[in-house]
Amino acid sequence: DITIALGVRSLVVATASGASGIATGLSASGGNVSVSNVGSLKGLDDDAGASAFGMQLASTGSLAVNNSGHIRARADHAVAVDLTGATATTLINSGSIIAVSLANDAVAVRSGASNDSIQNSGTLIGSLQTGDGDDSFINALGGSWSAAGSSDFGSGDDFVRNEGTIQLNGSTIDLGSFGVLGNKFTNASTGTITVAGSNRIDMGAANPVAFMNNGTLNFQNGVAGDTLAITGDFGGHGTIAMDVSGLHGTGDQLQITGNVLAGTVNRVNLRVLDDPTSASTIIPLITVSGTSVAGSFVLGTVVQDKSFLDVLISNIDPSNTNSDVFSLGLTAPTTTPAPPKPGVPVTPPPPGAPVTPPQPGTPVVVAPPSGTPGGSPIAPAYGVVSATAVASQQAVGFAESVNGLSNLGTLAVSAAPGAQSLMNSQIGTLQQRMGAISQTLKGGVSLWARVFGDSGTIDPSHNASNFGQGGNFGFDQSNTGEEIGIDVAVTDELKAGLLVAKDQANQHLDQGNAGSSRIKGTTGGGYITWISATGVYLDASFRAMDFTDRLHASAGEAWVKGNADAFNVETGKTWTLDNGLQIAPQLQYTWNRVNDVKSVSETLAGFRSNGDTSSRGRLGVMVSKSYTADSGTLWTPYVSVSAVHEFDGSNRYTINDTFFGETSTQGTSALVDAGINVKLRNLSFYGGANWLDGGAMKSFLGGQVGLRYSW
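Residues numbered from 1 in each chain as written. Predicted model: local features only at pLDDT ≥ 70, side-chain atom pairs only at ≥ 80, totals over all residues. Heavy atoms only, no water.

Trainee: Would you take a moment to explain the overall build of the protein chain for this structure?
Mentor: For the protein chain, the count of helices and strands is 3 helices and 56 strands. Within the protein chain, counting contacts between residues at least 6 apart in sequence, those at least 24 apart form 69% of the total. Of the roughly 27,800 Å² of accessible surface on the protein chain, a fraction of 57% belongs to carbon and sulfur atoms. (Helix = DSSP H or I, 4+ residues; strand = E, 2+ residues; numbered from the N terminus. Contact = heavy atoms within 4.5 Å. Areas by Shrake-Rupley, 256 points an atom, 1.4 Å probe, with all protein chains shown as cover.)

This is the structure in structure tokens:
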């Protein structure tokens, strides 16, 4: 008998060189062999074709290993622990057993034709090769097995139970042909099996025991298209977490070559990575070659990454007995259809035809064409099932519909009308920019500055042309800005000037929706003002603004940017009554276009506004009167009442060149404006307050204060 105990300070490093070299950290053989390791064992040979063993043991009797240290093998053919027993072997690991191979031949544990038992609460990296016999592997809570390469449990009744974590990445686990009772693989309630790349678990031909998932099969790694093929029946009450890409029309896949046991309920949690590029897409997630029943796979939580679209996902799960495809259908409804009767076949539309989605939770069966075989699962390259293939079989699963815009999407759509409101706030009226305008302009050069602001609610109408109407499009907005300008008197009646401004608007979604944005703009422009001695005036201006909009919602942040152009013309005539009261009818037209609004967030579906065009007219009357104080100061208070009509106010947008919609602020408002102009020799102070209400503009209250000096 041989007993070996390696203490915590034990360090054994075996190296070899050459293609025929073999490096072995510990080698022992005898009758009954028992080894405990708290130290470190290493076998290393980096030459091509070489072999290395961390530990190599052989026994004609019993063989037992207890490792709480570190065992490592590194070579083209690397075996960390190699056990050859006559009847049975036992390995208990709470440390680390790691095999590393550049030739993809890394074996963590290898044993022979004995009944082998592996109990792991530590770390295993590499495949398991247990040979024939009734073998068992228990990955306990806290244990981790990175199942690199191909693991083979050989023939016999093999038992695998995972209570910790098993990592699959291009891995194969083959339980081999069963003996009497059958092979068993259970992912326990605390167990997680992560899936990356293409993987397979083979329960063995005609194995009588199903693969049981009572824990989590986790495909979610930020990449859609990972696959796990299970050869054998499937059962349990666990969770399946999957990634879905609407942009590429792909999703992770679980492929079951067998039956789903009655009573099985696995909750499917989805992470939607990005938005679809077409109004209707089918993305299969789970295929079952045998039988399944209603409720085998039910929709769990849905996490949608930062998106402009509001994705609504509902469960579609009718009972059937043919080859099943549990699919995710991405659809963009234009109308709400009457729900079909459960189990009644619905013929799929021809390619390119619009698809009307089911109501949430409504069972739908897509009937296969006559003569369609129904025996095997669909498993094309990369684990992606095409929409055409799905249409050829009964398809059940999960339906995803674009219900409307998310809060982030609503904020993006609000950027154009928000920038338009900011520009209109800056333009205002002539008296808001220059104060009362009853006096004739004189002087050579004038320099002026003003601050302005207003706040209220914008409630535009909205229509989505090819997806759901969901979304809250009303928002509160406050506009502020600072503007400076200089003008030169061409004549005593005509002045021309330039202006620049810094603007900001804050938006908050209405009705308790969590979402806000901040628009920051820089504006430049010019103007011409003519005021005749007879009281007739004409003011024309042009402005151009570049802006960015920072959007913030519970899903995250995004940025959009754009620019705006505006042309404004205002005219009127002032009549002076005998008592000095001045009355000036006014007519104003403002054309305002917001251009090229688009997302600057690469992770989001491409949002683009096709332009928000405002065509606004104002018809009003201003009443003013001037008073001269003993000091020579001229005081001119004024008040005006106007009707403002928005003729257009349309904002057409697209998301991902797929989904189209439009908002509009068309309507009629009332505007009341009051203020005062104070002129002391060459210096003028002016200010006022205004209130706008009606149409899409709700209770906008604002004001401005300015200063002008002429010399």
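Trainee: Help me out: how do you make sense of helix 2 (residues 407-427) in this one?
Mentor: Owing to its 3.6 residues per turn, the α-helix aligns residues three or four sequence positions apart on the same side. For helix 2, spanning 21 residues, the distance from its first C-alpha to its last is 30 Å, which sits close to the expected 30 Å at 1.5 Å a residue. Along its length, helix 2 shows its largest kink, about 40 degrees, at A415, and proline P417 lies within four residues downstream of that point. Counted residue by residue, helix 2 has 20 buried out of 21 residues, so it is predominantly covered. G428 sits one or two residues past helix 2 and shows a positive phi near 55 degrees. (Expected span 1.5 Å × (residues − 1). Bend = angle between axes of the 7 residues up to and from the residue. Buried < 20%, exposed > 50% of the residue type's maximum accessible area, 1.4 Å probe, protein only.)

Trainee: When you look at the nonpolar core in this model, what are you seeing that I'm missing?
Mentor: The nonpolar side chains of a soluble globular protein tend to be buried, and buried together. Ranked by size, the top nonpolar core spans 63 residues in total, and within it F185, I240, L254 and I286 carry the most contacts. L551, A564, V594 and L692 belong to the second-largest nonpolar core, a separate cluster that totals 39 residues. (Core = buried A, V, L, I, M, F, W, Y, C linked by side-chain atoms within 4.5 Å.)

Trainee: How do you make sense of the pattern of salt bridges when you look at a structure like this?
Mentor: Under the counting rule described, the total for this entry stands at 12 salt bridges. A salt bridge links R161 to E163, with the nearest nitrogen and oxygen atoms 2.8 Å apart. Residue R161 is classed as partly exposed on the basis of its relative accessible area, which comes to 29%. By relative accessible area, E163 is classed as partly exposed at 22%. (Salt bridge = Lys/Arg side-chain N within 4 Å of Asp/Glu carboxyl O.)

Trainee: Is there a simple way to explain a nonpolar patch on the surface in this structure?
Mentor: A surface patch of nonpolar side chains, about 530 Å² in accessible area, is lined by L447, I486, L498, Y709 and W711. Within the element layout of this structure, L447 appears in strand 40 (residues 445-458). (Patch = residues over 30% accessible without salt bridge, like charges linked within 9 Å, V, L, I, M, F, W, Y side chains within 5 Å.)

Trainee: Help me out: how do you make sense of the packing of aromatic side chains in this one?
Mentor: Here a ring pair, both rings aromatic, is described through the centre-centre distance and the interplanar angle of the planes. Counted under the stated rule, the structure contains 6 aromatic pairs. The interplanar angle of 35 degrees and the centroid separation of 6.0 Å between the aromatic rings of F234 and F297 together place this pair among those described as tilted. Linking F234 in strand 28 (residues 234-235) with F297 in strand 34 (residues 297-304), this pair joins segments that are 63 residues apart in sequence. For the pair Y709 and W711, a centre-to-centre distance of 5.5 Å together with 35 degrees between the ring planes defines the contact as tilted. (Phe/Tyr/Trp six-rings, centres within 6.5 Å; stacked < 30°, edge-to-face > 60°.)

Trainee: Is there a simple way to explain the sheet that holds strand 22 (residues 184-187) in this structure?
Mentor: In any sheet, the strands associate via hydrogen bonds between backbone groups, in a parallel or an antiparallel arrangement. A sheet is described by the order of its strands in space; here 10 strands give the open sequence 1-4-7-10-13-16-19-22-25-28, paired in parallel fashion. Looking at the sheet topology across the chains shown, the edges are occupied by strand 1 (2-6) and strand 28. Bridging between strand 13 (residues 115-120) and strand 16 (residues 136-139) involves 4 bridges; their strand directions are parallel. Directly across from I118, in strand 16, lies its bridge partner F137. (Pairing = 2+ DSSP bridges.)

Trainee: Help me out: how do you make sense of the pairing of strand 22 in this one?
Mentor: Along any regular strand, the residues point their side chains to alternate faces of the sheet. In this structure, strand 19 (residues 159-162) lies alongside strand 22, joined through 4 bridges in parallel fashion. Counterpart to V160 in the pairing with strand 22 is F185. Where strand 22 meets strand 25 (residues 211-213), 2 bridges bridge the pair, whose relative direction is parallel. Bridged to N187 within strand 25 is N213.

Trainee: How should I be thinking about the environment of V488 in this particular structure?
Mentor: Within the secondary structure, V488 is located in strand 42 (residues 475-489). Assessed through its relative accessible area of 43%, V488 is described here as partly exposed. For the pair V488 and G444, spaced 44 residues apart in sequence, the C-alpha separation works out to 5.8 Å. Beyond its immediate chain neighbours, meaning those up to four positions away, V488 contacts G444, V445, L494, K495 and A496.

Trainee: In this structure, what is going on with the pairing of strand 10 (residues 88-93)? I would like to understand it.
Mentor: Here strand 10 shows one buried face, formed by T89, L91 and N93, and one open face, formed by A88, T90 and I92. In this structure, strand 7 (residues 62-67) lies alongside strand 10, joined through 6 bridges in parallel fashion. What sits directly across from S62, in strand 10, is A88. For strand 10 and strand 13, the ladder comprises 6 bridges, and the chain directions are parallel. Directly across from T89, in strand 13, lies its bridge partner D116.

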